[in-house]
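Geometric and topological summary
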Amino acid sequence: MNNKEDRVVIFDSFIHTLEELSKIIEKLTEAEKAKAETASAGEHGKMDSFLKEEQALLLKLRGLEQLRGRQASDLGWTDLTFRQILAAATERERSVLSPLFSKMEQLLKELADAEESSSRIVSVRLREFEHILGVNSQNTFPEINGSSHFHDRYV
């Protein structure tokens, strides 16, 4: 790094990237919660839109994470955890980073909780579908009087 001014510019960009990451994490959490509510309500036709939104957000998240990694490297924080960055940062940088890292930690916890809940609900719904369809362990449909449960129930 050439000088103090370059570091300030890179640091400001790093902060902006962290703020953008926070926004994406919030949107992913909202999408997970909506997906869980939709699955719980049995509105399976809406799931595709949530999955597409989630894929787009994950692509943005990956791109921002790569940018964050490059910026951290430029600041001399290659492969450091948030706690390690705080230990290596100047007092001014710590004063900006500390609340941002705390917020991100909370957002990541909320996302993990939402993902766990969503996965659990979707898994329950999948088991219900398997039961409704009468899928047995060989993944075949049992025949009753020449027709499947699926045919009897839905046709």
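Residues numbered from 1 in each chain as written. Predicted model: local features only at pLDDT ≥ 70, side-chain atom pairs only at ≥ 80, totals over all residues. Heavy atoms only, no water.

What follows concerns the overall build of the chain. Along its length, the chain carries five helices and two strands. Walking the chain from its N terminus toward its C terminus, one meets helices and strands in the order α-α-α-α-β-β-α. Scored against the burial criterion, the 155 residues of the chain give a buried share of 26%. Accessible surface, the chain as shown: approximately 10200 Å² in total, 53% of it carbon and sulfur. (Helix = DSSP H or I, 4+ residues; strand = E, 2+ residues; numbered from the N terminus. Buried < 20%, exposed > 50% of the residue type's maximum accessible area, 1.4 Å probe, protein only. Areas by Shrake-Rupley, 256 points an atom, 1.4 Å probe, with all protein chains shown as cover.)

Here we take up the confidence of the model for the chain. Here the chain averages 85 in pLDDT, and 85% of its residues register 70 or above. Under a pLDDT of 50 for its full length, residues 142-155 has, in the predicted model, 15 contacts with residues more than four places off or in other chains. (pLDDT = per-residue confidence, 0-100. Contact = heavy atoms within 4.5 Å.)

Looking now at the pattern of salt bridges. It is possible for side chains bearing opposite charge to pair when their charged atoms get close. Under the defined criterion, the tally for this structure stands at eleven salt bridges. Measuring nitrogen to oxygen at the nearest pair gives 3.3 Å for the salt bridge that ties Glu20 to Lys23. With Glu20 and Lys23 both in helix H1 (residues 4-40), this residue pair falls three residues apart, about one helical turn. Among the residues examined, Lys23 registers a relative accessible area of 44% and is labelled partly exposed. Between Asp48 and Lys52 there is a salt bridge whose closest N-O contact spans 3.3 Å. (Salt bridge = Lys/Arg side-chain N within 4 Å of Asp/Glu carboxyl O.)

In terms of nonpolar packing, the biggest core is built from 21 residues, with Phe11, Phe14, Ile15, Leu18, Trp77, Ile85 and Leu97 touching the most fellow members. Put simply, the parts of the chain that give this core at least two residues each are H1, helix H2 (47-74) and helix H4 (91-133). Looking at this core element by element, the count peaks at eight residues for H1. When near neighbours in sequence (up to four residues on either side) are disregarded, Phe14 contacts Arg68, Gln71, Ala72, Leu75, Trp77, Ile85 and Leu97. (Core = buried A, V, L, I, M, F, W, Y, C linked by side-chain atoms within 4.5 Å.)

Right, let's get into the packing of aromatic side chains. Each aromatic ring pair is specified by the distance between its two centres and by the angle formed by the two planes. Throughout the structure, instances matching the rule amount to three aromatic pairs. Centroid distance Phe11 to Trp77: 6.4 Å. Interplanar angle 85°. Geometry classified as edge-to-face. Of this pair, Phe11 sits in helix H1 while Trp77 is found in the loop between H2 and helix H3 (82-88), placing the two residues 66 residues apart along the sequence. Relative accessible area serves as the criterion here: at 1%, Phe11 is assigned to the buried category. (Phe/Tyr/Trp six-rings, centres within 6.5 Å; stacked < 30°, edge-to-face > 60°.)

Time to look at the side chain of Glu32. With respect to the helices and strands, Glu32 occurs in helix H1. The exposure class assigned to Glu32 is buried, which follows from its relative accessible area of 3%. In this view, Glu32 contacts Glu54, Leu111, Ala114, Glu115 and Ser118; residues no more than four positions away in its chain are not counted.

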